[in-house]
Amino acid sequence: MEDLKIIGSEEWCVFKSLGVPAIKARVDSGAKTSSIQATSLKVITKNNQEWVKFEVTPLQENRSITIPCEARLVDRRMVKSSSGISEERLVVKTPVTLGEDTFDIELTLANRDTMEFRMLLGREALTDRYIVNPAVNNQIQEFTEDEISARYKPYFKEKTGLKIGLLASNPKLYSNMRLMEAAEARGHEIVFLNVEQAYMKLDAHSPEIRYRGGNILKDFDAVIPRIKPAVTFYGCAVIRQFNNLGVYCQNSAESITQSRDKLFASQLFSKNDIHIPITGFAKSPMDTKDLIKMVNGAPLIIKLLESTQGKGVVLAETNKAAESVINAFKSVNTNILVQEFIKEANGQDIRCFVVNGKVVASMQRQAEKGEFRANIHQGGKASMIKITQEEKKLALKASKALNLAVAGVDIIRSNKGPLLLEVNSSPGLEGIENATGKDIANEMIRAIERKLKFS
Ligand SMILES: Nc1ncnc2c1ncn2[C@@H]1O[C@H](COP(=O)(O)OP(=O)(O)OP(=O)(O)O)[C@@H](O)[C@H]1O
Ligand SMILES: [Mg+2]
Ligand SMILES: [Mg+2]
């Protein structure tokens, strides 16, 4: 016991033979084997032995430094993730240096970028060497920030900007052109990626995304998803793949999927105590009459579950009309929501543009004469508006409920106070930039910089 050293909760490890000058490990006596976050895994044969090539992004704060490594493969192990799923992980063996001691360590290569720390130091490496004192850090080796900078100096690439992918469909669309412009203006490299031309390889060790023609899409720091409704399913699969490869996606596949389903989203809102117009959903035409009563009768709104630009939103003026329209949709198996009509809104609604938990712009939209839908695509006119504290809170709460970093939140003013209409995951920039004069594209790019701690 006496010659065991005290090790803290976080320690710097050096891997000379891998070429990793310093990597901070979380000391985790709960884990048997140590692990390191690794991407682009590839098993190769060297002198009749199996080796693994992989890449390590060793610094938590700087994702632009990636070190190519090679180590001998000693095992393949099934590991249970926190969600209970078993996955095969490659295990390599390599010398590690902690302070004055150098010893061989087995490392599981964790190829999913979910770890806060880039490395975990497990029991096997600690036993007979260290006693853990979780209250302290850097007991074995302390590196100052300057020392880390010096150690990493040769690795700092001449990289002045991020590499961002704009995952969308039409490069000529105002919003997409503005995002490309804003990213370039801030010194980043931005690549337009047509979502339907990206395809993927699903493989435990070397998952990939390729682009038409066979190019592998790699080295992306971030992806801005701008997925049109018609490609939601495929687009979200591509976003998930980028995410699995450790690329930051400004809106996640999950939140986009949720926001696209008006019923699912409305259930999330009511669960989170977010007020929406009274809304009903029913399967059978036998319930239509009561459904209409439930939302206070006609005039009422009927909405297709997946609709945008106001195309799938209908106003039924009388109970009779409502009943026949609802039953007509049901007869062709189309899912619809039935909603209380907020007459006092007078064809007005409010669009709040939310970026990373902040309302960066808001506008009022006024429907054309004789029209109740305020959508700009339906001829609505936009103007500046100062929203109330309550409306701001509502917008932020709604985007938070869906976990969207970028969201277009539609709010309607009713006699009961502001009500949430819907949250869009790819809100257009044209209407709101023109109405408010705000540079929203720039806000979105800056939000990515902040998330990636790029400055
Ligand atoms: N319950 C309601 N009462 C009054 N007006 C409504 C109601 N629901 C929707 N509207 C009007 O219809 C417009 C379109 O509705 P909604 O935003 O739900 O549909 P959408 O087709 O998804 O539009 P978007 O293009 O914003 O995604 C709203 O902006 C609003 O002006
Ligand atoms: Mg919508
Ligand atoms: Mg809308």
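So, how was this worked out
Residues numbered from 1 in each chain as written. Chains lettered and ligands numbered in written order. Predicted model: local features only at pLDDT ≥ 70, side-chain atom pairs only at ≥ 80, totals over all residues. Heavy atoms only, no water. Buried < 20%, exposed > 50% of the residue type's maximum accessible area, 1.4 Å probe, protein only. Helix = DSSP H or I, 4+ residues; strand = E, 2+ residues; numbered from the N terminus. Pairing = 2+ DSSP bridges. Core = buried A, V, L, I, M, F, W, Y, C linked by side-chain atoms within 4.5 Å. Contact = heavy atoms within 4.5 Å. Axes fitted to C-alpha atoms, helices over the stretch in contact; angles between N-to-C directions. Parallel < 35°, antiparallel > 145°, perpendicular 65-115°, else oblique. Left-handed = near helix turned anticlockwise from the far one by under 90°. Nonpolar A, V, L, I, M, F, W, Y, C, P; charged D, E, K, R; others polar. Phe/Tyr/Trp six-rings, centres within 6.5 Å; stacked < 30°, edge-to-face > 60°. 1 Å grid on protein atoms, 1.4 Å probe; cavity = no way out; pocket = protein on both sides within 12 Å on 5 of 7 lines; lining within 4 Å. Points joined across faces, edges and corners; volume = space filled by probe spheres on them. Domains from an automatic or database assignment.

- In the annotation of an unreviewed UniProt entry, the entry for the chain reads 30S ribosomal protein S6--L-glutamate ligase, and the organism field reads Maribacter cobaltidurans.

## Quick look at the pairing of strand S23 (residues 348-355)
- Along S23, seven of the eight residues are buried, which leaves the element largely enclosed by surrounding structure.
- As judged from the eight bridges shared by S23 and strand S24 (residues 358-366), these two strands associate in the antiparallel manner. Paired with cysteine 352 across the two strands is serine 362, which belongs to S24.
- What sits between the antiparallel neighbours S23 and S24 is a turn of two residues, in which asparagine 356 has the positive phi angle 45 degrees.
- One ladder, built from six bridges, connects S23 with strand S26 (residues 406-414); its direction is antiparallel. Within S26, the position partnered with phenylalanine 353 by the bridge is glycine 408.

## Digging into the nonpolar core
- Membership of the largest hydrophobic core comes to 40 residues, with the highest contact counts inside it found for Cys13, Phe15, Phe54, Leu98, Leu109, Met119 and Leu121.
- Considering every element that reaches this core, the biggest residue donor is strand S3 (residues 20-27), with five residues.
- Apart from the residues lying within four places of it in its own chain, the contact partners of leucine 109 are Ile36, Ala38, Leu41, Val52, Phe54, Arg89, Leu90 and Val92.

## Some thoughts on the sheet that holds S23
- Judged by pairing direction, the sheet is antiparallel, and its five strands sit side by side in the order S25-S24-S23-S26-S27 without closing on themselves. Two strands close off the open sheet at either side, each with one partner strand: strand S25 (381-384) and strand S27 (417-424). Taken over all neighbouring pairs, the strand axes of this sheet differ in orientation by 30 degrees on average, direction set aside.
- Strand direction decides the pairing type here: S26 and S27, joined by seven bridges, are antiparallel. Following the sheet pairing, serine 414 is matched in S27 by glycine 417.

## Side note on the packing of helix H3 (residues 174-185) against helix H11 (residues 440-451)
- The geometry of H3 relative to H11 is characterised by a closest axis approach of 8 Å and an angle of 55 degrees between their N-to-C directions. If you check the angle between H3 and H11, you find them oblique. Two packed elements cross with a definite hand, and for H3 against H11 that hand is right-handed. Seen from H3, the contacting residues are Arg178, Leu179, Ala182 and Ala183; seen from H11, they are Ala441, Asn442, Met444 and Ile445.
- Among the residues forming the contact of H3 with H11, the class breakdown is six nonpolar, one polar and one charged.

## Quick notes on the sheet that holds strand S18 (residues 248-249)
- What the four strands build is an open sheet, ordered S13-S12-S17-S18; its pairing is parallel. Across the chains shown, the open sheet's two edge strands, defined by having one partner strand only, are strand S13 (189-194) and S18.
- Of the strand pairs in this sheet, strand S17 (residues 222-225) and S18 are connected by two bridges, and their pairing is parallel. When the bridges of S18 are listed, valine 223 appears paired with cysteine 249.
- The strands touched by H3 are strand S12 (163-168), S13 and S17; relative to S13, the strand with the most contacts, the crossing angle is about 155 degrees.

## What to know about the packing of aromatic side chains
- In this structure the tally under the stated criterion is three aromatic pairs.
- Each ring, one from phenylalanine 220 and one from phenylalanine 242, has its centre 6.1 Å from the other, and the planes form 75 degrees; the classification is edge-to-face. Highlighted residues: phenylalanine 220 in the loop between strand S16 (215-216) and S17 and phenylalanine 242 in helix H4 (residues 232-244), separated in sequence by 22 residues. Comparing phenylalanine 220 with phenylalanine 242 shows no difference in burial state: the two are buried.
- Taking the centre distance of 6.1 Å and the plane angle of 85 degrees together, the rings of phenylalanine 341 and phenylalanine 372 count as edge-to-face.

## Regarding empty space enclosed by the protein
- Within the structure shown, the criterion is met by two cavities of 30 Å³ or more.
- Taken as a whole, the largest cavity holds about 100 Å³ of empty space.
- For the largest cavity, the full set of lining residues is Ser259, Lys262, Ala265, Ser266, Phe269, Ile276, Lys303, Leu337, Gln339, Leu421, Glu422 and Val423.
- Within the residue set of the lining of the largest cavity, elements represented by two or more residues are helix H6 (262-271), strand S22 (336-340) and S27.
- Of the residues that constitute the lining of the largest cavity, the class distribution is six nonpolar, three polar and three charged.
- Built from parts of two domains, the lining of the largest cavity gets at least three residues from each of domain 2 (278-341) and domain 3 (345-451).

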